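Next come the chains, spelled out residue by residue.
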Amino acid sequence: MKGFFIVLEGPDRSGKSTQAKLLAQWLRSRRRKVLLTREPGGTRLSEKLREILLDPKEQIEPLTELFLYETSRAKHTLSIILPALASGKVVVSDRFTMSTTAYQGYGRRLPVATVETLNKIATCGIAPDLTVVLRVPGRIFEERERLAQKLFGADRMERESAGFRRRVNGAYKVLAARPGVVSIDAARGIEEIHAEIKSLVAARLGLKEGRARAASGKG
Ligand SMILES: Nc1ncnc2c1ncn2[C@@H]1O[C@H](COP(=O)(O)OP(=O)(O)O)[C@@H](O)[C@H]1O
Ligand SMILES: [Mg+2]
């Protein structure tokens, strides 16, 4: 596989989409060919499944939900991610398999080993070269959540109980400690977080970081 596969993970509103966009922009400014994508989604079929998954009117059992996510992922992997990697692109995905482990495994309490077996099948066994987990302390997480729900309303996943959210948040703490995963503090400014992600990726891809600097003042 010639490309490089980066995944941004973390609970809702940890800043994944914001950081994925900034990272893709920066990589393009460094003349890398980039595929910016997201899960669930990334293809027409997968975006349709995403609509179903996030629709507050749908009643979806945990097992059904798991298969919908994995179906979306199989399509996404086969028709978008694998070809992009084969052609040498840097793939930046907003969520991937770790989300299913966190939400359907820890959150819904489906057996984590089963979830991870299905993750492997749905991704043809490919794993990200780098997973960055955006970690948000509970208090800040709740503040962002209150504000967003007031402004936009909640989708189906966001309507879950406090217990579910706590399990998901706790799962990210555990999963962030796995080998090959980098955990970063997302309770900081957008630019500061971007600078840290950039330096992680620059080191792995042998790129110069360029303009925006981390607030620490270090090169
Ligand atoms: N570091 C940050 N500090 C404060 N607000 C942020 C930060 N990063 C993102 N946001 C804001 O929080 C909201 C959720 O960010 P988003 O990137 O959509 O998160 P996610 O994709 O993880 O759900 C957006 O309104 C975004 O502008
Ligand atoms: Mg997002």
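All of these numbers come straight from a predicted model, not from anything done at the bench.

A.B. asks: Provide a residue-level description of the packing of aromatic side chains, including the pertinent values.
C.D. replies: Under the criterion given, the structure shown has three aromatic pairs. Between Tyr-103 and Tyr-172 the ring centres are 6.4 Å apart and the planes differ by 75°, which places this aromatic pair in the edge-to-face class. In this pair, Tyr-103 sits in helix H4 (residues 97–107) while Tyr-172 sits in helix H7 (residues 162–175), placing the two residues 69 residues apart along the sequence. There is no split in this pair, since Tyr-103 and Tyr-172 are both buried. Through a chain of ring-to-ring contacts, three or more aromatic side chains come together here, namely Tyr-103, Phe-164 and Tyr-172. Across from the ring centre of Phe-96, 5.5 Å away, lies the NZ or CZ of Arg-73, which sits over that ring.

A.B. asks: For H4, give the residues involved together with the corresponding values.
C.D. replies: Among the eleven residues that make up H4, ten are buried, leaving the element largely enclosed by the rest of the structure. Turning to H4, its buried residues are Thr-97, Met-98, Ser-99, Thr-100, Thr-101, Ala-102, Tyr-103, Gln-104, Gly-105 and Gly-107. Along its buried surface, H4 packs onto strand S1 (4–9), helix H3 (62–86), helix H5 (112–122), strand S4 (130–135), H7 and strand S5 (181–185). Where H4 terminates, the next one or two residues include Arg-109, which has phi positive at roughly 65°.

A.B. asks: Quick one: what's the story with the nonpolar core, residue by residue and with numbers?
C.D. replies: Counting 27 residues, the largest nonpolar core has Ile-6, Leu-23, Leu-27, Ile-184, Ile-197 and Val-201 as the members making the most contacts within it. A total of six residues in this core trace back to one element, the largest contributor, which is helix H8 (residues 190–205). Setting aside chain neighbours within four positions, we find Ile-197 in contact with Leu-8, Gln-19, Leu-23, Val-132, Leu-134 and Ile-184.

A.B. asks: Report on the site of ligand 1, specifying residues and quantitative values.
C.D. replies: The local shell around ligand 1 holds 13 residues, among which Arg-13, Lys-16, Ser-17, Thr-18 and Arg-188 are the closest. The contact in question runs from an oxygen atom of ligand 1 to an N or O atom on the backbone of Gly-15, over 3.0 Å. Contacts to ligand 1 include Thr-18, whose side-chain N or O atom sits 2.5 Å from an oxygen atom. Of all the secondary structure elements, the ones that give two or more residues to the shell around ligand 1 are helix H1 (16–29) and H8. Here the shell around ligand 1 takes three residues from H1, the largest share from any one element.

A.B. asks: Let's hear about the pairing of S1: which residues, and what values?
C.D. replies: Among the six residues in S1, six count as buried, and that is most of the element. Across the two faces of S1 the burial is the same, with Phe-4, Ile-6 and Leu-8 and Phe-5, Val-7 and Glu-9 all buried. Both S1 and strand S3 (residues 90–94) contribute to a ladder of five bridges, which runs parallel. Across the sheet, residue Leu-8 finds its bridge partner in S3, namely Asp-94. Sheet analysis places S1 next to S4, joined by four bridges and oriented parallel.

What counts and how
Residues numbered from 1 in each chain as written. Chains lettered and ligands numbered in written order. Predicted model: local features only at pLDDT ≥ 70, side-chain atom pairs only at ≥ 80, totals over all residues. Heavy atoms only, no water. Phe/Tyr/Trp six-rings, centres within 6.5 Å; stacked < 30°, edge-to-face > 60°. Helix = DSSP H or I, 4+ residues; strand = E, 2+ residues; numbered from the N terminus. Buried < 20%, exposed > 50% of the residue type's maximum accessible area, 1.4 Å probe, protein only. Lys NZ or Arg CZ within 6 Å of the ring centre and 35° of its normal. Contact = heavy atoms within 4.5 Å. Core = buried A, V, L, I, M, F, W, Y, C linked by side-chain atoms within 4.5 Å. Near = heavy atom within 4 Å. Polar contact = N/O pair within 3.5 Å; in protein donor to acceptor, adjacent residues only side chain to side chain. Pairing = 2+ DSSP bridges.

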